[in-house]
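Inside the fold
Chain by chain, the residues run as shown.
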Amino acid sequence: MYDQSQLMRGTLEGCILKIISLSETYGYEIVSTLQHFGFQDVKEGTIYPLLVRLEKKQMIKSRFCPSPLGPSRKYYSITNEGKVLLKEFIESWERVSDAVGQVLEIRKGDVLYEDKTDGVNSGK
Amino acid sequence: MKTKLTALIQENDNLMTQLKESDTEILKQIMKYFSLYSVSSIDSQTIRKDLIGMAQEAEQRGESLQDMMGEDLKAFCEGVLENIRKDRTEYRLRMLFDGLVCVSIWYLADWGLYNSFSFNHGIKGGLVLIYPLFLIFSMIINKYIERSFMFRRSDGKNHTPVVTILFIVIYMLITLVFVPKDLRQAVLFYVPGWVAAFILVILTAIAYLLLWLSRNRKSQG
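Worth saying up front: this structure is predicted, and the values here are computed from it rather than measured.

The rules behind each value
Numbers given to residues run from 1 along each chain, matching the order in which its sequence is written. As they are written, the chains are lettered A onward and the ligands numbered 1 onward, keeping that order. In view of the model being predicted, local features appear only for residues whose pLDDT reaches at least 70, and side-chain atom pairs are presented and counted only at 80 or more, with totals across whole chains, interfaces and linings using the full set of residues. Excluding hydrogens and water, the side-chain figures rest on all heavy atoms present in the structure. Strand pairing follows a simple DSSP-based rule, namely that at least 2 bridges must link the two strands. Helix and strand labels come from DSSP, where a helix needs a run of H or I of at least four residues and a strand needs a run of E of at least two; each type is numbered from the N terminus. Pairs of residues are marked as contacts when any of their non-hydrogen atoms sit within 4.5 Å. Lines fitted to the C-alpha atoms define the axes, with helices restricted to the stretch that makes contact. Angles between their N-to-C directions range from 0 to 180 degrees. Known as pLDDT, the predictor's confidence for each residue is given on a scale from 0 to 100. Angles are sorted into four bins: roughly parallel if under 35 degrees, roughly antiparallel if over 145, roughly perpendicular if 65 to 115, and oblique for all others. Working rule for handedness: look at the near helix, and if it is turned counterclockwise from the far one by less than a right angle, call the crossing left-handed; if clockwise, right-handed. Three classes are used: nonpolar for Ala, Val, Leu, Ile, Met, Phe, Trp, Tyr, Cys and Pro, charged for Asp, Glu, Lys and Arg, and polar for all others, with Gly counted as polar. Helix span, as expected, comes to 1.5 Å for every residue beyond the first. With a 1.4 Å probe rolled over the protein chains alone, any residue whose accessible area is under 20% of its type maximum counts as buried; one over 50% counts as exposed, and the rest are partly exposed. Buried area is understood as the total, over both parts, of accessible area removed when two parts are fitted together, assessed with a 1.4 Å probe. A pair is scored as a salt bridge if a Lys or Arg side-chain nitrogen falls within 4 Å of a carboxyl oxygen belonging to Asp or Glu. Side-chain atoms alone can form a polar contact between residues adjacent in sequence; in general such a contact is a pair of N or O atoms within 3.5 Å, and within protein one must be able to donate a hydrogen while the other accepts it.

Here we come to the sheet that holds strand 3 (residues 72–78) of chain A. An order of 1-3-2 (chain A) is seen for the three strands of this open sheet, with the pairing classed as antiparallel. Two strands bound the open sheet, and with one partner strand each, they are strand 1 (25–26) and strand 2 (60–66) of chain A. With seven bridges connecting them, strand 2 of chain A and strand 3 of chain A associate as antiparallel partners. Residue Ser62 of chain A lies in a different strand from strand 3 of chain A, and its bridge partner there is Tyr76 of chain A. Packed onto the sheet, helix 3 (residues 44–56) of chain A meets strand 2 and strand 3 of chain A and runs at close to 115 degrees relative to strand 2 of chain A. With respect to the sheet, helix 3 (residues 41–60) of chain B is in contact with strand 1, strand 2 and strand 3 of chain A, its orientation differing from that of strand 3 of chain A by roughly 115 degrees.

A few words now on the confidence of the model for chain B. Caution applies to low-pLDDT parts of the model: their predicted coordinates are not meant to be read in detail. Residue and element names in this part refer to chain B. When pLDDT is averaged along chain B, the result is 72, and 52% of the positions lie at 70 or above. Across chain B, element-level confidence peaks in helix 3 with a mean pLDDT of 89 and bottoms out in helix 6 (residues 88–114) with 62. Every residue in residues 153–159 is under pLDDT 50, and counting partners more than four places away or in other chains gives eight contacts. Interface confidence for the predicted complex, expressed as ipTM, amounts to 0.80; the pTM equals 0.65.

Where helix 3 of chain A meets helix 3 of chain B, the axes come as close as 12 Å, and the angle between the chain directions of the two elements is 140 degrees. Comparing the axis directions of helix 3 of chain A and helix 3 of chain B gives the class oblique. Our pair here, helix 3 of chain A against helix 3 of chain B, has a crossing hand that is right-handed. On helix 3 of chain B, the residues touching Glu44, Tyr48 and Lys56 of chain A of helix 3 of chain A are Asp43, Ile47, Asp50 and Met54 of chain B. Of the residues that constitute the contact of helix 3 of chain A with helix 3 of chain B, the class distribution is three nonpolar, no polar and four charged.

If you check helix 5 (residues 73–84) of chain B, its first and last C-alpha atoms are 17 Å apart, about what 12 residues at 1.5 Å a residue would give, namely 16 Å. By the burial criterion, the buried members of helix 5 of chain B are Leu73, Phe76, Cys77, Gly79, Val80, Leu81, Asn83 and Ile84 of chain B. Buried residues belonging to helix 5 of chain B abut helix 3 of chain A together with helix 2 (21–35), helix 3 and helix 4 (65–69) of chain B.

Residue and element names in this part refer to chain A. Of note, the phi angle at Gln58 is positive, near 60 degrees, even though the residue is not glycine. Within the fold, Gln58 resides in the loop between helix 3 and strand 2. Residue Gln58 is classed as exposed on the basis of its relative accessible area, which comes to 52%.

Looking now at helix 3 of chain B. Counted at 1.5 Å a residue, the expected span for helix 3 of chain B with its 20 residues is 28 Å, and the 29 Å between its end C-alpha atoms agrees. Burial within helix 3 of chain B is extensive, with 16 of its 20 residues counted as buried.

The next point concerns the interface of chain A and chain B. Taken together, the contact pairs 16 residues of chain A with 21 residues of chain B. For the pair chain A and chain B, the two sides together bury roughly 1800 Å², of which 57% comes from carbon and sulfur. Taken together, the connections running from chain A to chain B amount to four salt bridges. Between Arg61 of chain B and Glu44 of chain A there is a salt bridge whose closest N-O contact spans 3.6 Å. The tally of links from chain A across to chain B stands at seven residue pairs in polar contact (both at pLDDT 80 or more). At seven residues, helix 3 of chain A tops the list of elements feeding residues into the side of chain A that touches chain B.

Structure follows, in structure tokens:
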């Protein structure tokens, strides 16, 4: 079975940053949003190390506020450095996603690319 | 910093008493795992506070901390550790200070046994004086066992480093009960005083240099 963890590792951080950039939010809300958009296996334990990492790198900042459920809750918000990183992530993701999409659409027999020395290469 | 840390520890201790037993157990395991690595107290307590908050919210929703964490607690800890482990300079510094403490204990034990503490006479290594060295060896083995086997039991309890503890107990019993007193005091090896003094001076100098570098880096960063 395909191990998604390596693929998730880099992309999840960008997604978390995006969610935090929308408005100040907390761990459970981030997880619920991610699950809603298809990251079914994500739990608070999955995102917590990433939040620690982003906070250490000063991409996000946090503060404790009382929650309606009772105990105080840690709310995260994005910093200016985080906004720059998010912009870079989106640009990188668009490039990678576009490249992967094109590679995955190749069919057997399609022209792969034009080789200047040997002529045309095909996917035979 | 100390006051902030003390207040945080106190707050965490109070909050922990309100948690479910199963959540408390998981939290204790996680904190124990962090304690096996070079993690600052403030980082460790900050994470403890976050996890307590997570457990409290989970409880309000009728879930447990285990549900929030997933099955692989070790992977969670490793993920967090990647970001909070102290830098190598601080780690080496701590190792050096530990070394200094051990050498000092050795000196004191030597003085207690032979009543002749002096840089001139050196250290006479006998059976009893091997204890501090044996203790260091045991601590290293202990850490390795705990790091390797933690979280592996299905009932969630830690593996007790039985082997290490047994080694120490057996060694003490053999030397103190079965070996005659005069043999216990016999000198097995000898480290000249100037060598011991040289090691102490070099260790202290390197430790202070690293401390200075570490503080300098922090003030710049």
